[in-house]
Protein chains: 12
Amino acid sequence: MSGVYKITELVGTSPVSFAEAARAAVAEAAKTVRHMDWLEVVGESAKIREGKIEEFQVKVKIGFKLER
Amino acid sequence: MSGVYKITELVGTSPVSFAEAARAAVAEAAKTVRHMDWLEVVGESAKIREGKIEEFQVKVKIGFKLER
Amino acid sequence: MSGVYKITELVGTSPVSFAEAARAAVAEAAKTVRHMDWLEVVGESAKIREGKIEEFQVKVKIGFKLER
Amino acid sequence: MSGVYKITELVGTSPVSFAEAARAAVAEAAKTVRHMDWLEVVGESAKIREGKIEEFQVKVKIGFKLER
Amino acid sequence: MSGVYKITELVGTSPVSFAEAARAAVAEAAKTVRHMDWLEVVGESAKIREGKIEEFQVKVKIGFKLER
Amino acid sequence: MSGVYKITELVGTSPVSFAEAARAAVAEAAKTVRHMDWLEVVGESAKIREGKIEEFQVKVKIGFKLER
Amino acid sequence: MSGVYKITELVGTSPVSFAEAARAAVAEAAKTVRHMDWLEVVGESAKIREGKIEEFQVKVKIGFKLER
Amino acid sequence: MSGVYKITELVGTSPVSFAEAARAAVAEAAKTVRHMDWLEVVGESAKIREGKIEEFQVKVKIGFKLER
Amino acid sequence: MSGVYKITELVGTSPVSFAEAARAAVAEAAKTVRHMDWLEVVGESAKIREGKIEEFQVKVKIGFKLER
Amino acid sequence: MSGVYKITELVGTSPVSFAEAARAAVAEAAKTVRHMDWLEVVGESAKIREGKIEEFQVKVKIGFKLER
Amino acid sequence: MSGVYKITELVGTSPVSFAEAARAAVAEAAKTVRHMDWLEVVGESAKIREGKIEEFQVKVKIGFKLER
Amino acid sequence: MSGVYKITELVGTSPVSFAEAARAAVAEAAKTVRHMDWLEVVGESAKIREGKIEEFQVKVKIGFKLER
């Protein structure tokens with residue numbers, strides 16, 4: 001890596017798994033950000049309803065290169 | 001959320017994945033606790049035997065509303 | 001557990017999931033280390049390319065018993 | 001302090017302030033626990049609705065002496 | 001919660017209290033962001049002048065839902 | 001380990017040493033909990049009186065298997 | 001800021017609120033220290049008696065400029 | 001400081017030193033942000049190639065005042 | 001506790017045990033400070049020489065009441 | 001200290017005390033490593049069996065000088 | 001090291017680099033403290049003015065031996 | 001990155017600067033390890049003698065690819 005990178009923090013959600021929740025966050029970010037390079041998981045949680053996990057939530061920090 | 005919530009800490013286990021281990025913890029808690037609302041993952045580990053992961057372990061904090 | 005254990009830190013990678021990345025790290029370690037007993041996940045990240053997660057990365061600490 | 005103490009984790013809520021949210025958690029705990037001795041704040045958050053803080057939330061750990 | 005959320009980090013200030021400083025941060029964010037859902041306090045500080053607290057400062061992370 | 005484990009947090013005290021304070025917490029827990037499996041030390045402190053340590057305090061998290 | 005600053009750690013207490021407890025710590029420090037510039041809150045706790053919060057406690061680090 | 005501040009997270013890089021990497025992040029931010037006030041270093045790393053440090057990387061949080 | 005407390009950080013050492021090292025720190029502090037109330041252990045380490053622990057080191061924060 | 005040091009992470013165990021567990025880790029390391037200089041305690045835990053502490057466990061990081 | 005050590009926390013500043021800021025803190029401390037033995041960096045920050053780093057700031061904890 | 005990486009922890013030292021201390025650690029590691037890819041700084045400290053910084057110390061974690 002060279003140049004300068006910006007880090008943005010998102011929470012992705014999925015009824016299926018933590019991995020899918022991370023993918024959802026990246027897919028949403030891809031609509032407005034280019035040159036994404038990495039993500040770091042900074043938190044995992046879930047919503048519970050009627051005694052079952054209804055939704056997996058993954059908080060991620062995504063790094064992308066700033067275009068000059 | 002309103003009112004007061006209690007947080008209980010559990011470790012769920014599964015031979016399959018971290019997600020299943022989290023589900024196991026929630027299923028066990030559902031036997032004695034009502035009104036569970038969320039969980040936060042506070043640790044992930046695994047037992048290894050003969051060079052392979054035998055069991056995924058997820059430590060979770062589960063929040064549930066206290067009934068008045 | 002009794003005796004003395006050593007802890008080694010590895011990063012496993014997988015195009016599929018965090019769980020597979022953890023398994024990759026353990027499989028690699030099994031080539032040179034015996035008596036592995038547990039692992040602790042100390043970080044989760046991913047490589048992104050062209051707006052998609054290309055590779056899941058899991059940083060683990062693996063504990064194994066020292067042979068006397 | 002002497003003897004053995006148990007620690008329980010609660011989230012109190014209040015529309016007014018963090019201090020009132022902490023008081024709400026203690027008041028609820030007082031219904032079932034005696035000999036509470038101290039609390040430690042381990043997290044502060046809030047629910048936002050229509051651009052305003054609707055509810056203050058304080059996560060506390062409360063210590064109380066076990067009766068023999 | 002479902003969908004994807006973005007997290008933005010702000011510092012609010014107030015001569016009165018930590019709670020008012022948090023409200024100031026939310027009020028400022030409301031000028032440009034819709035669908036704010038929660039905030040988490042990640043730091044509290046204060047400016048001191050002539051031996052007195054002149055200004056309370058609260059660092060918050062605000063989560064809001066991304067519109068599709 | 002397999003199944004689901006619960007974690008309870010206690011503070012044990014002893015005039016003698018940190019180790020004795022940990023033992024006191026376990027002994028107290030043994031009155032009401034079966035199948036305790038491990039403890040993790042999460043804090044060590046002491047009470048001082050007249051310039052001397054009067055009491056050692058150890059905060060522990062104890063894990064025990066839930067019976068089905 | 002320029003020059004060198006010293007940081008001192010205090011715990012202020014108040015029956016009223018966390019903010020008043022912070023003010024108490026600053027007022028006490030003002031008796032012996034000049035040129036205080038900022039404080040950072042590093043812990044919040046409370047003493048409970050008879051099921052109610054009796055005293056709010058705020059642990060602060062205060063920074064002040066060293067006079068040359 | 002008074003008013004409301006926003007915090008943005010960047011990674012600056014430099015072949016020379018950590019200080020130059022921090023300067024690179026600030027210079028890049030200056031192209032789009034005004035009223036920058038402070039930065040906090042939240043991580044330092046480096047890329048290694050052929051047994052030598054090729055690039056210093058500094059992760060910073062930059063605070064700037066929001067214009068009203 | 002009421003009033004204002006000051007916290008001082010010390011490292012005590014002992015060839016015997018961590019507990020003795022903590023006692024050494026308190027004994028030294030008692031020469032210049034009155035009204036010590038509590039200590040918190042914030043680090044434990046040791047010096048090794050010729051393959052053996054030569055000295056136990058305990059880093060403590062000691063709280064004492066400021067006299068008015 | 002001068003030169004370059006390597007850090008290795010071990011878990012020592014003892015039925016007696018945390019101090020003995022640390023000594024066990026150092027004794028084991030001494031079989032293969034020379035020039036050990038210091039250790040830092042990074043975790044303390046215990047195994048419980050039939051309501052009693054059966055084994056104290058201390059996780060340490062040991063620093064030793066690399067020979068040239 | 002043997003005996004008892006005290007730890008003092010300072011912030012040094014420099015227009016040049018983090019290393020010079022650390023040196024400034026040590027030089028100031030040397031005016032009143034003898035037998036300084038080590039420092040640990042616990043924070044790095046900078047003041048920004050007109051889009052450039054104006055001042056590097058390093059927060060350090062300095063350990064020094066207490067004279068008997 | 002793909003495959004499996006190992007992480008090793010070292011402390012580099014230099015009389016000149018933190019950057020040089022990091023370089024020293026990498027140079028030493030290069031004698032026995034190939035395919036080093038990155039380092040992360042996990043601690044910065046210094047030895048003080050006669051009121052001056054005598055030696056900068058940087059604790060790093062170095063990641064390198066395991067050869068198959």
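Everything discussed here concerns the structure shown above.
About the cut-offs
- Residues numbered from 1 in each chain as written.
- Chains lettered and ligands numbered in written order.
- Predicted model: local features only at pLDDT ≥ 70, side-chain atom pairs only at ≥ 80, totals over all residues.
- Heavy atoms only, no water.
- Least-squares fit on C-alpha atoms with pLDDT ≥ 70 in both.
- Contact = heavy atoms within 4.5 Å.
- Buried area = accessible area lost by both parts, 1.4 Å probe.
- Salt bridge = Lys/Arg side-chain N within 4 Å of Asp/Glu carboxyl O.
- Polar contact = N/O pair within 3.5 Å; in protein donor to acceptor, adjacent residues only side chain to side chain.
- Helix = DSSP H or I, 4+ residues; strand = E, 2+ residues; numbered from the N terminus.
- Pairing = 2+ DSSP bridges.
- Buried < 20%, exposed > 50% of the residue type's maximum accessible area, 1.4 Å probe, protein only.

Asker: So, the relation of the copies chain F and chain I: which residues are in play, and what are the values?
Answerer: At an RMSD of 0.0 Å, chain F and chain I line up after a rotation of 120° and a shift of 0.0 Å along the axis. The transformation just described matches what one would write down for a three-fold rotation axis. If distances are taken from each C-alpha of chain F to the rotation axis, the shortest is found for Phe 18 of chain F, at 5.1 Å. Interface overlap between copies: only 8% of the residues of chain F at the interface are likewise at the interface in chain I, consistent with a contact formed by different surfaces.

Asker: Now, about the arrangement of the chains: what can you tell me, with residues and values included?
Answerer: One finds no contact linking chain C with chain K; the least C-alpha distance across the pair is 22 Å. Left apart from each other, chain E and chain L have a closest C-alpha approach of 22 Å.

Asker: Hey, could you go over the interface of chain K and chain I for me, with residue numbers and the actual values?
Answerer: Taken together, the contact between chain K and chain I spans 13 residues of the former and 15 residues of the latter. Summed over both sides, the interface of chain K with chain I buries roughly 1,100 Å², with 49% coming from carbon and sulfur. Taken together, chain K and chain I are joined by two salt bridges. Where Lys 59 of chain I meets Glu 40 of chain K, a salt bridge forms, and the shortest distance between an N and an O atom there is 3.9 Å. Taken together, the links from chain K to chain I amount to five residue pairs in polar contact (both at pLDDT 80 or more). Elements that contribute at least two residues to the side of chain K that touches chain I include exactly strand 1 (5-14) and strand 2 (36-49) of chain K. Of the residues forming the side of chain K that touches chain I, the biggest block, three residues, is contributed by strand 1 of chain K. Bridge analysis of strand 1 (residues 5-14) of chain I against strand 1 of chain K gives three bridges, and the strand direction is antiparallel. Across the sheet, Leu 10 of chain I pairs through a bridge with Lys 6 of chain K, a residue of strand 1 of chain K.

Asker: Quick rundown of the pattern of salt bridges? Include the residues and the values.
Answerer: Between side chains of opposite charge, a pair can form when the charged atoms approach closely. This structure, assessed with the given rule, holds 79 salt bridges over all chains. Between Asp 37 of chain E and Lys 47 of chain D there is a salt bridge; the shortest N-O distance is 4.0 Å. With Asp 37 of chain E in strand 2 (residues 36-49) and Lys 47 of chain D in strand 2 (residues 36-49), this pair bridges two chains. Accessibility expressed as a relative area gives 27% for Asp 37 of chain E, which makes it partly exposed. What makes Lys 47 of chain D buried here is its relative accessible area of 16%.

Keep in mind these values describe shape, not function.
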